[in-house]
Amino acid sequence: MNRSALPSLNRRALLQLLGATGAASLAYGLRSVAFAAEADTLVWARPTETTLYDPHNSALSSAWNVQHLCYESLVTLDDNLEVVPALATAWEWQGNTLVFTLREGVKFANGRAMTQDDVVGSITRALGSAGNPWGLILRNLKATTKVGTNQVAMEFDGPNRAALSAMTASLVCIVPMEESVAGTWDATTDKLWGTGPYLVESHVANDHWVLVKNPHYWNAGLPKIGKLVVRTIASTQGIVAALTDGTADIASFEGNPDASALLAGIANVTVAPQYQTAYSFLAVNAVTEGSVFKDLKMRQAVALALDRQQIVDFAFAGQSVPSYGYTQFKLGDDSALPLYARDVEKAKALITEAAPAKTQVNLIYANGDLDANVSQVIKQQLAEIGLDVQLEGLEEGVWLSRTWTGQPSEFDLNVTYFSGFSHPLITAHWWAPELAGFDAGHVAVDPAYTELLNKALFAASDADYDSTMLALYARINEQANLIPLCSRTETMAWRSDRVTMTPSAMQAQEDVLAGVENFTLNG
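Parameters and conventions
Along each chain, the written sequence defines residue order, and numbers are assigned to residues from 1. The model is predicted, so local features are restricted to residues of pLDDT at least 70 and side-chain atom pairs to those at 80 or more, both for listing and for counting; the totals for chains, interfaces and linings are taken over all residues. To obtain the side-chain values, all non-hydrogen atoms of the structure were included, while hydrogens and water were left out. Two rings belonging to Phe, Tyr or Trp (six-membered ring only in the last case) form a pair when the distance between their centres is within 6.5 Å. Interplanar angles under 30 degrees mark stacking, angles over 60 mark edge-to-face geometry, and anything in between is tilted. Only DSSP runs of H or I reaching four residues or more are called helices, and only runs of E reaching two or more are called strands; each is numbered from the N terminus. Using a 1.4 Å probe on the protein chains alone, a residue whose accessible area is under 20% of its type maximum counts as buried, one over 50% counts as exposed, and one in between counts as partly exposed. In this scheme, strands are said to pair when DSSP sees at least two bridges between them. Lines fitted to C-alpha atoms define the axes here, with helix axes fitted over just the stretch in contact, and angles between the N-to-C directions of these axes take values from 0 to 180 degrees. Salt bridge, as used here: a side-chain nitrogen of Lys or Arg that lies within 4 Å of a carboxyl oxygen of Asp or Glu.

Enquirer: It is not clear to me how the packing of aromatic side chains should be interpreted in this structure. Could you clarify?
Expert: By convention here, two paired aromatic rings are described through the distance between centres and the angle between planes. What the rule picks out here adds up to 15 aromatic pairs. Relative to F421, the ring of W64 has its centre 5.6 Å away and its plane inclined at 55 degrees; by these criteria the two rings are tilted. In this pair, W64 sits in helix α4 (residues 61-70) while F421 sits in the loop between β15 (413-418) and α16 (424-428), placing the two residues 357 residues apart along the sequence. The burial state of W64 is the same as that of F421; both residues are buried. A ring pair is formed by F418 and W431, whose centres lie 6.2 Å apart and whose planes are at 70 degrees; its orientation type is edge-to-face. Pair noted here: F418 is in strand β15 and W431 is in the loop between α16 and α17 (433-436), with a separation of 13 residues, a long-range link. Overall, the relative accessible area of 6% leaves W431 in the buried class.

This is the structure in structure tokens:
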């Protein structure tokens, strides 16, 4: 296949279409004009609504985006992915016990002081929630207890390589447990009551959130902007139109690489990349009865047919890096992996050996420009090895029911992405379905992989950890069940005549507006 001709043609046509429809899309900007005109108000436009509210039971980045504005964890990450203080000012390992010293003067949005009981209760609630995989990552935790008057200790029954990094996620944020137990606050509603810089004033589903300054925020003088409106605008051109006409001050695009080109030349709009540890991947159904990909040879044929660089060039406009394992942490020489090089002839031979009952398969994705483009490239690459791929773009709820929440899964192939988080062992668990659970409908149990995973997580020495991680990396490549494709980069854009800001340069937790408490409005 010609690597350059097809991508450049389709991408040019796509951008021409978006440009032609841009004027009509100005209607997207009209609905929230009043917000943009209000004093001391910042308007953020993004493509996807937050539909999950409980921070300890939210599996989607669209939920984390907003939750990070209202909730905080004991520790967080800087742009170098180093752990830094948040609600804890210090921490240390005492043997296999991780001890946090709590920040003084922290209050929840209702004005009540955060206590050790809130912290212990929040960690216990989070790790015990059925929809929270962090209980899996921290599965050798024995007890969480109060120490003295201002510390909390997490006692493990041995080493846990991912523990401290895992505690930076919103999935283990601190919530007002006293009110939760009393029934005066419900974490499953859109009343996001945390210790963060903002609290929810109102919410209109699928349209907007209005967040106002938390008057009890512990960081004195912050946030600097009193009101933050989060608008849901489904189309890229609609978001661009809102930035153009000034009805949005900040925009993010969930990785759509066309955003930069569409924003070029718009007066007073600054564009910057926000690098992420997230990565796109192709899920190949190795479980559901009738899937031809229960056969390892068929899965390996797909892996050998993939041209990741072409996916990067076309779907990501070159704003990505091919990946064969954990995108954010290069663990070895990719070229040494068994399924590294594209080999169409070998892929065809594997299919001949497998003699599948059918060669027509479906490929599903949640509706969105980026995953649609990735899917289109994969369709054409797999056609070269004789697979007839039928594409299905689905609404997110339907997509979830066919991939993660419904089991067995209802697809042959599926394009999506994982958040990379801050440690490679976190997402490494998603290849062990008997542990992860949510992807058991399409990921085959591999005892050899799970044994390596446990060895790495509980490794006592750096040498054991390093060698085991390399073996995990190779096993992912060889089994070709969840096939990493490439890294993802968010595009951030803002009206420089309206707001002064420094966006986070690197994100591992989908905290798109990290540092928003320090943003200021101009004039």
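Text resumes after the structure shown.
Enquirer: Any chance you could explain the sheet that holds strand β7 (residues 151-156) here in plain terms?
Expert: Here we have four strands laid out as an open sheet, ordered β4-β5-β7-β6, and antiparallel in their pairing. The open sheet has two free edges, formed respectively by β4 (88-94) and β6 (141-147), since each of these has just one partner strand. Each adjacent strand pair in this sheet contributes to an overall mean axis angle of 15 degrees, direction not counted. The pairing of β4 with strand β5 (residues 97-102) spans six bridges and is classified as antiparallel. Counted as the bridge partner of A88 is L102 from β5.

Enquirer: Just to check I follow, could you spell out the pattern of salt bridges for this structure?
Expert: Pairing is possible between side chains that carry opposite charge, provided their charged atoms lie close to one another. Under the defined criterion, the tally for this structure stands at 20 salt bridges. The closest approach of N and O atoms between R498 and D249, which form a salt bridge, is 3.1 Å. Of this pair, R498 sits in the loop between β16 (482-495) and β17 (499-500) while D249 sits in the loop between α9 (236-245) and β11 (250-252), and the two are 249 residues apart along the sequence. The partner of E353 in a salt bridge is K297, with the nearest N and O atoms 3.2 Å apart. Residue E353 is found in helix α13 (residues 344-354), and its partner K297 is found in helix α11 (residues 296-305); the two are separated by 56 residues along the sequence. Connected via shared salt-bridge partners are R112, D118, E178 and E179.

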